[in-house]
Each structure stands twice: as structure tokens, then as C-alpha cells.
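Architecture and fold: a report
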Amino acid sequence: MDFGNYMRGLRVHAGKSVLAAGLYLEVSRQTLMRLEEGMPTKLTTPQLRILLDFYGADAGSEGEVLTLWSEVREQDKTAKAQGNSKGYWQAYADQVYPHYPRYLRLEGAADRVVTHQLVLVPGLLQTADYRRAIAMSEEPDLSIVNMERRVELAARRQVRLEDNNFRLDAVLSEAVLRHQPGGPSVMAAQLRWLAEAGERENIGIRVVSFGSGAHRGLTIQSFTMLQFPRGTSGLVVPSVIYLEGAIGSLYHERKDVVDQYREAISALEAVALSERDTRDMVLRVAKECTA
């Protein structure tokens, strides 16, 4: 459940900028940005009501927001009691791009992630050596200490895969299997791990082969869709589409845009190999790497 996304949606629907909202509430622009990114703020419930009035929220929306706000505050209390209120990724903030912590918060709140990748194995499925190879390609002068911190961050993300209430579906271009970061032996081990991970009940991996013909996947770029569970209030935050670029990222939350990506997922799945055939291809390519 992501309260920040809900608040951002109300602001955008009202046609208000972050700056205008901050001036009206007499708080900094950064405070509202932190609120919308799911980070802790010192805003009070009365201030939140003032903000909702500025956004022109109706009684139903105001009730939903206040219910979510109550949940967020309760979750914060629990997190503080457990000593993890800052999120596991905060210790690695200097090792990721500034936009990435928001994605990690969304991933941590999601109960299902669907990812379409054209070049690289999704982070949730990367082996340690594969992750090291990627890190070195990004920063050849990266120290061993910082490299291992990035590997450790990836491992902590992958704890989500142990949760049976979390599901990961990956639709991969065959190119993902053919690229060899770190060389043939690293890739062979990565592919064997993919085949093993795909056997889990909460993980689905399917490949779109080079021979699949013309399909929408040839023109759509890599993306990830995050879906969220119902909170104790019974409300559901809309799904989010995440697009990662070379120097930044983009999030889509409008229903019409998200629906277009849902259609793209359906189109990709229509031409992708079955999970069984995908596993056979993955193991076959792994053998080719070591031949």
C-alpha cells in the first residue's frame, strides 16, 4: 500500500504543482516531495486535512486518505519498534542513483511485480557474480568494498522471493540469455539459477524467442509493473509502471497509461514460450556457454 502515490494522484488530478501545494501549506517543496515518495515527514493530521482541502478532495477521497494515513502512521510505529524504520536500502544510498530508493520502497510494498526486460536479467533474479559484472561495466574503477555493498543490496532485495505472498513474473527477450556480462562461466551459472528459480511457485519466467515473429515486444522498451495488496482499510493503490533510463527514471500511475502496459504484457505473453519451454531454452543456452 503506497500512501505517497495516492497523494500524488490527488495533487495531479487537482492540477496543483508541488511548489504551489507547499506554499499553501507553508512547508517546503521538499517536504511534500518526501510525502509523495513515501518518506517520513513531520506533517500532522490537521496539515493533511488542509492539503486535502487545497486539492479539492471530496468526502470519499478524504476518508480514504485519512484511513491510509492512519495505516501509514501505525506501520511507522511498528517499524520504529523493530528498528528498521529507515528501510534496508538506506545503508546503501550512496551506491544507487537518487531515484532508486523510491523504486525499492514500491517494490517492498508490492505483492506482485511483472517485469519485461530486453537486455539484462532482472535485479531480483541476478546472481552475485552477474551483479558484480554489471557493477564493473557501469563503473570500472569501483572499489571492491563498494562492489560488495551493491551485491549485498541485491541479496537483501531478493529476500522478497522467499515470501509466498509475493509473486514475480518476468518476460525476457532471448537477448537477455545471450548477453554475457562477466563471460561465459558467469552467464552459465546465472542461467542455471534462472532455471532453478523458475521452478518456484511464486516465480514465473518466460522468454520471447528471436523466432517469435513480429509482436509488440519489438517496439516496447523494458519496464516493470508493480501491483499492491489491499490494506487493512480494504483500499487498493493503483498499479505503477516503472521505466528506468540511463540517468533517471519515470513512473506512470494514470489508469489509461497503466492499462496500455497491461495490454503490452498480454501481447508479450501471447508470443512467449511456456515456462517449461523457457526452462529448456535457458538450460540449453547455459550448456552452450560452457561448450
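Residues numbered from 1 in each chain as written. Predicted model: local features only at pLDDT ≥ 70, side-chain atom pairs only at ≥ 80, totals over all residues. Heavy atoms only, no water.

**Observations regarding helix 7 (residues 128-138)**
Listed in full, the buried residues belonging to helix 7 are Tyr 130, Arg 131, Ala 133, Ile 134 and Ala 135. Each element contacted by the buried residues of helix 7 is listed here: helix 8 (144-157) and helix 10 (184-197). (Buried < 20%, exposed > 50% of the residue type's maximum accessible area, 1.4 Å probe, protein only. Helix = DSSP H or I, 4+ residues; strand = E, 2+ residues; numbered from the N terminus. Contact = heavy atoms within 4.5 Å.)

**Quick word on the packing of aromatic side chains**
The final tally for this structure, using the stated rule, is six aromatic pairs. Look at Tyr 24 and Phe 54: their rings are 4.3 Å apart centre to centre, the planes differ by 20 degrees, and that puts the pair in the stacked class. Note that Tyr 24 is positioned in helix 2 (residues 18-25) and Phe 54 in helix 4 (residues 45-54), a separation of 30 residues in sequence. Aromatic pair Phe 223 and Tyr 261: ring centres 4.8 Å apart, planes at 65 degrees, arrangement edge-to-face. With Phe 223 in strand 4 (residues 223-227) and Tyr 261 in helix 11 (residues 255-271), this residue pair connects regions lying 38 residues apart in the sequence. Phe 223 gets classed as buried once you look at its relative accessible area, which sits at 2%. Each residue in the set Tyr 100, Tyr 103, Tyr 242 and Tyr 251 is aromatic and connected to the rest through ring pairs, giving one cluster. The ring of Phe 54 has Lys 16 lying over it, and the distance from NZ or CZ to the ring centre is 4.6 Å. (Phe/Tyr/Trp six-rings, centres within 6.5 Å; stacked < 30°, edge-to-face > 60°. Lys NZ or Arg CZ within 6 Å of the ring centre and 35° of its normal.)

**Brief notes about the sheet that holds strand 4**
Taken in spatial order, the six strands line up as 3-2-1-4-5-6 in an open sheet, and their pairing is mixed. Edge positions in the open sheet fall to strand 3 (203-208) and strand 6 (249-252), since each of these has one partner strand only. When strand polarity is set aside, the average angle formed by the axes of neighbouring strands in this sheet is 15 degrees. Contacts between helix 11 and the sheet are confined to strand 1 (112-117), strand 2 (167-173), strand 3, strand 4, strand 5 (240-244) and strand 6, with strand 4 contributing the most and set at about 110 degrees to the helix. (Pairing = 2+ DSSP bridges. Axes fitted to C-alpha atoms, helices over the stretch in contact; angles between N-to-C directions.)

**Remarks on the environment of Glu 37**
One can find Glu 37 in the loop between helix 3 (29-36) and helix 4. Owing to a relative accessible area of 28%, Glu 37 belongs among the partly exposed residues under this scheme. As a C-alpha pair, Glu 37 and Gly 4 span 33 residues in sequence and 5.4 Å in three-dimensional space. Every residue in contact with Glu 37, bar those within four places of it in the chain, is listed here: Arg 8, Arg 102 and Arg 105.

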